[in-house]
Each structure stands twice: as structure tokens, then as C-alpha cells.
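Residue-level listing of the chains:
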Amino acid sequence: MDKRSEIYMWQAIQEAEKARAINEVPIGAVIVLGDEVIATAHNLRETKQNAVAHAELLAIEQACKKLGTWRLEEAELYVTLEPCPMCSGAILLSRMKKVVYGATDPKAGCAGTLMNLLQDDRFNHQCEVIPGVLEEPCGRLLSDFFKDIRKKRKMARKYLLENNGE
């Protein structure tokens with residue numbers, strides 16, 4: 001694994017931590033052009049109550065605004081979780097050069113796990129995919145987040161059961 005990928009993935013992890021701090025699913029994304037970070041984002045789906053407020057889409061939107069174009073042909077996306085179908089579609093449509101991701105997504109991953117939309121030669125664009133960069137810390141962020149949610153729900157149910165009879 002190259003140092004460059006690790007450096008940008010750690011930045012994506014920092015974005016994911018921002019999401020976790022506001023009770024969002026901790027996914028972070030960073031877009032790099034050359035050696036410059038041109039966009040950073042984290043999930044805001046719950047905050048905005050918007051199904052498309054995924055880290056990747058927010059970062060793509062930011063990068064397009066910064067560059068003044070929808071074509072991100074030489075850009076690289078670093079994201080803590082394998083992109084879903086919606087994000088993979090946006091990645092293809094923005095002509096992203098490369099996607100580097102941390103943890104695989106067995107339920108919605110479309111960069112190699114369930115399917116590989118990003119390298120499907122039926123589309124007029126494909127991009128390089130590098131999976132598993134800092135996979136363990138990226139995966140731990142998500143598993144710890146969902147473990148905490150389950151624990152809080154269990155405690156809330158227990159509290160309701162104990163106090164409902166009074």
C-alpha cells in the first residue's frame with residue numbers, strides 16, 4: 001500500500017469522525033487533484049434528511065463547484081466505505097479517474113463486492129479501483145458506530161419496560 005493513499009485515507013477517516021460526532025453514519029470522502037485536496041465531505045443524510053447526502057456526492061458537488069466543471073477526469077476519490085450504486089453512478093458520470101476505498105460494503109458495495117459498476121466496460125467510462133486501504137480502521141469506525149446504536153436502543157427498551165409498569 002502506498003503512503004500517498006494512506007495519507008488521503010486518513011483525511012477521509014477524519015471526515016468520517018466528523019459525521020460520527022453529529023450522529024451520522026461515519027463515512028468520509030476526500031477528492032484529490034494532482035497533490036491538492038479539492039474537496040472533503042462526510043455523510044449528512046440524517047442531518048439534512050436527504051437520501052442523497054452521501055459523503056461521495058457531497059464531495060463531488062464541492063469539487064465540481066471549485067473547478068467550475070462537472071468533469072473530474074484527473075481526480076481521485078478516497079472514501080472510507082465502498083461506494084453504493086448511487087455514488088458509483090455519480091463517480092462514473094463525473095469521469096473520476098480513480099477510487100480508493102477502505103472497508104467493503106457487503107450490503108450495497110458497487111466497486112467490487114456486490115458488483116463493480118466502476119469498471120463495467122458497458123459504460124463509456126471506467127475508473128481505477130483500489131480497495132482495502134486502511135480497511136481495518138475504516139471498518140472499525142462503522143462497526144463501533146452501529147454497536148453503540150444497538151446498545152443505546154437496548155438500554156432505551158429496558159428503561160421503557162422497567163418504567164412502563166408504574
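Calculation notes
- Per-chain numbering applies: the sequence of each chain, read as written, is numbered from 1 onward.
- It should be noted that, the model being predicted, local features are given only for residues of pLDDT at least 70 and side-chain atom pairs only at 80 or more, the latter also being counted only at that level, while totals for whole chains, interfaces and linings use all residues.
- Each side-chain value is worked out from all heavy atoms of the structure, with water and hydrogens disregarded.
- Strands are labelled as partners when DSSP assigns at least two bridges between them.
- Numbering of helices and strands runs from the N terminus, with a helix taken as a DSSP run of H or I at least four residues long and a strand as a DSSP run of E at least two residues long.
- Simply put, an axis is a line fit to the C-alpha atoms, just over the touching stretch for a helix, and the angle between two N-to-C directions goes from 0 to 180 degrees.
- A contact between two residues is defined here by any heavy atoms of the two lying within 4.5 Å.
- Between N or O atoms, a polar contact is any pair within 3.5 Å; within protein, one atom must be a potential hydrogen donor and the other a potential acceptor, and residues adjacent in sequence are included only when both atoms are from side chains.
- Summary of the burial criterion: residues with accessible area below 20% of their type's maximum are buried, those above 50% are exposed, and those between are partly exposed, where the area comes from a 1.4 Å probe applied to protein chains only.
- Here the positive residues are Lys and Arg and the negative ones are Asp and Glu; neither His nor the chain ends is included.
- What makes a salt bridge here is a side-chain nitrogen of Lys or Arg within 4 Å of a carboxyl oxygen of Asp or Glu, nothing more.

Trainee: Honestly, the sheet that holds strand β3 (residues 75-81) in this entry has me stumped. Any pointers?
Mentor: Within a sheet, adjacent strands bond to each other through the backbone by hydrogen bonds, running parallel or antiparallel. Spatially, 5 strands are ordered β2-β1-β3-β4-β5 in an open sheet, and the strand pairing comes out mixed. Of all the strands in the sheet, the pair left with one neighbour each is β2 (36-42) and β5 (128-130). Averaged over all pairs of adjacent strands, the angle between strand axes in this sheet comes to 15 degrees, irrespective of strand direction. In this sheet, β3 lies alongside strand β1 (residues 28-33) in antiparallel orientation, the contact comprising 5 bridges. Directly across from I31, in β3, lies its bridge partner L77. Against the sheet, helix α3 (residues 55-67) contacts β1, β2 and β3, and its axis sits at roughly 140 degrees relative to β2.

Trainee: What am I meant to see in the environment of T80 here?
Mentor: As for its placement among the helices and strands, T80 is situated in strand β3. With 30 residues separating them in the primary sequence, T80 and C110 have C-alpha atoms 14 Å apart. Engagement of the side chain of T80 in a polar contact is seen with the backbone nitrogen of G28, the distance being 3.1 Å.

Trainee: Please explain the side chain of R95 as it appears in this structure.
Mentor: Structurally, R95 is set in the loop between α4 (85-93) and β4 (98-103). E73 is the oppositely charged side chain nearest to the buried, salt-bridge-free R95, at an N-O distance of 5.3 Å. A distance of 3.3 Å separates a polar side-chain atom of R95 from the backbone oxygen of L93. Discounting residues that sit within four places of it in the chain, R95 has contacts with W70, R71, L72, E73, N124 and H125.

Trainee: How should the pattern of salt bridges be read in this particular structure?
Mentor: Where charged atoms of side chains with opposite charge meet at close range, the side chains can pair. A complete count under the given rule lists 12 salt bridges for this structure. Notably, a salt bridge pairs E6 with K3, separated by 3.6 Å at the nearest N-O pair. With a gap of 3 residues between them, E6 and K3 both fall in helix α1 (residues 3-21), about one helical turn apart. Relative accessible area serves as the criterion here: at 60%, K3 is assigned to the exposed category. Within the structure, one salt-bridge network assembled from shared partners comprises R4, D35, E76 and K98.

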